[in-house]
Amino acid sequence: MIRKAVFPVAGLGTRMLPATKAMPKEMLPVVDKPIIQYAFEEARAAGIEHFIFVTGRAKSSIEDHFDHAYELNDTLELKGKAAELGSVTDWLPKPGELSYTRQQKPLGLGHAVWCARELVGDEPFAVLLVDELLQSDPPCLKEMVDVHQQTGGNVVSVMEVPQDHTNRYGILDIGADDGRMVEARGMVEKPSPSQAPSRLALIGRYVLLPKVFQHLDKQETGAGGEIQLTDAMEKMLGTTPFHGLRFQGQRYDCGSRLGYLEAIVANAMERPELQAGMTSILKRYL
Ligand code: UTP
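The rules behind each value
Residues numbered from 1 in each chain as written. Predicted model: local features only at pLDDT ≥ 70, side-chain atom pairs only at ≥ 80, totals over all residues. Heavy atoms only, no water. Salt bridge = Lys/Arg side-chain N within 4 Å of Asp/Glu carboxyl O. Helix = DSSP H or I, 4+ residues; strand = E, 2+ residues; numbered from the N terminus. Buried < 20%, exposed > 50% of the residue type's maximum accessible area, 1.4 Å probe, protein only. 1 Å grid on protein atoms, 1.4 Å probe; cavity = no way out; pocket = protein on both sides within 12 Å on 5 of 7 lines; lining within 4 Å. Points joined across faces, edges and corners; volume = space filled by probe spheres on them. Nonpolar A, V, L, I, M, F, W, Y, C, P; charged D, E, K, R; others polar. Core = buried A, V, L, I, M, F, W, Y, C linked by side-chain atoms within 4.5 Å. Expected span 1.5 Å × (residues − 1). Contact = heavy atoms within 4.5 Å.

## Thoughts on the pattern of salt bridges
Step number 1: Under the counting rule described, the total for this entry stands at 18 salt bridges.
Step number 2: Among the ionic pairs, Arg44 bridges to Glu97, the shortest N-O distance being 3.8 Å. Placement of the pair is Arg44 in helix H1 (residues 35-45) and Glu97 in the loop between helix H4 (82-89) and strand S5 (98-102), with a sequence separation of 53 residues.
Step number 3: With a shortest N-O distance of 3.0 Å, Lys190 and Glu189 are connected by a salt bridge.
Step number 4: Given a relative accessible area of 40%, Lys190 falls into the partly exposed group.
Step number 5: When its relative accessible area of 13% is taken as the criterion, Glu189 is described as buried.

As structure tokens, this is what we get:
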């Protein structure tokens, strides 16, 4: 069973400045729900019972979002706004299901995950990069958890990207490939297009064995001078099963401006109450 999920949300979000100067990018709304809530709901649908947020400075609105807002709740109740009240309370985690820890300096994704080591303990766990908004049925993480139950090893979600985009991602070197699941033989963080071992990119969902912390303990820096999760995962190859699972669904990179805008348009078009209005707005600009 994968019971715990880590959400590293301590990054600076420089690509979305100035919006992210005082507000975490994870709280930017996609239609009317903050990006982080989509990932939280995906994790819950995968059976996750404990949610660990690795936060940083200026991230307190995340804690508020996952807490009860008594004044707001009381006011909505008094006014008989049942639907609105449900929208802020129905999905809330139960007391004790959430933990927070702080990454004091943004030293890289690997370092952020390492900050959660005491909260995770000695059991396999999931990591979700919130700004990768993944929508599919069944949800991405649920399928990865199922694969982990078959293999007992590490699982990452992957997607083919254009050759000239490999330097934006961790890229897999692959062995056996059945079209859906690939055996990971190697992995490299942000390789140049000419040096990329494949076009299969890691897209922000991981199921990892706790052994990864032993490698992260060494605090070695990699690409961009950051402590990279990819480097620590690479060290587990060959000793434990390690698979990539091709993601089949919609992926929006909400850490970039265009990806974020696409997520809003796509999700608005899925909402029956917004579809017609959104269509006529889009037509005006085409
Ligand atoms: P990104 O590469 O998107 O970095 O991190 P970022 O700082 O969030 O955004 P930009 O590139 O400056 O615009 C991927 C994920 O890893 C987390 C981020 O919060 C994001 O979810 N992260 C990254 C940390 O938690 N700590 C870090 O030191 C780095």
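So much for the structure itself; the text now carries on.
## Observations concerning the layout of surface pockets
Step number 1: In this model, the largest pocket occupies a volume close to 1200 Å³.
Step number 2: Lining the largest pocket are 41 residues, and of these Arg15, Lys25, Leu129, Asp131 and Lys190 sit closest to its centre.
Step number 3: Broken down by secondary-structure element, the contributors of at least two residues to the lining of the largest pocket are helix H5 (109-114), strand S11 (200-208), helix H9 (229-234), strand S13 (250-253) and helix H10 (257-270).
Step number 4: Broken down by element, the lining of the largest pocket gets its largest block of residues, four residues, from S11.
Step number 5: A breakdown of the residues in the lining of the largest pocket according to their chemical character gives 17 nonpolar, 12 polar and 12 charged.
Step number 6: As for the second largest pocket, its lining consists of 21 residues, and the residues nearest its centre are Ala10, Gly11, Leu12, Gly56 and Arg57.
Step number 7: Among the residues making up the lining of the second largest pocket, the classes are represented as eight nonpolar, seven polar and six charged.

## A short note on empty space enclosed by the protein
Step number 1: In total, this model carries one cavity of 30 Å³ or more according to the counting rule given.
Step number 2: Empty space within the largest cavity amounts to approximately 60 Å³.
Step number 3: Residue lining of the largest cavity: His215, Leu216, Gln219, Glu220, Ile227, Gln228, Asp231, Ala232 and Lys235, and that is the complete set.
Step number 4: Taken together, the elements giving at least two residues each to the lining of the largest cavity come down to helix H8 (212-216) and H9.
Step number 5: Of the residues assigned to the lining of the largest cavity, the class counts are three nonpolar, three polar and three charged.

## So, the environment of Ala39
Step number 1: Positionally, Ala39 belongs in helix H1.
Step number 2: A relative accessible area of 2% places Ala39 in the buried class.
Step number 3: Separated by 166 residues in the primary sequence, Ala39 and Arg205 place their C-alpha atoms 10.0 Å from one another.

## With respect to the nonpolar core
Soluble globular proteins: nonpolar side chains tend toward being buried together.
Step number 1: Counting residues in each nonpolar core, the largest one holds 44 residues, and the members touching the most others are Phe7 and Leu141.
Step number 2: Put simply, the parts of the chain that give this core at least two residues each are strand S1 (4-8), H1, strand S4 (50-55), strand S6 (125-128), strand S7 (132-135), helix H7 (140-151), S11 and H10.
Step number 3: Grouped together as the second largest cluster of nonpolar side chains are 32 residues, Val120, Val156, Met187 and Val212 included.

## Notes on H10
Step number 1: Between its terminal C-alpha atoms H10 stretches 20 Å, which fits the 20 Å expected from 14 residues at 1.5 Å a residue.
Step number 2: If you check which residues of H10 are buried, you get Gly259, Tyr260, Ala263, Ala266, Asn267 and Ala268.
Step number 3: Looking at the buried side of H10, the elements it contacts are strand S2 (29-30), H1, S7, S13 and helix H11 (272-285).

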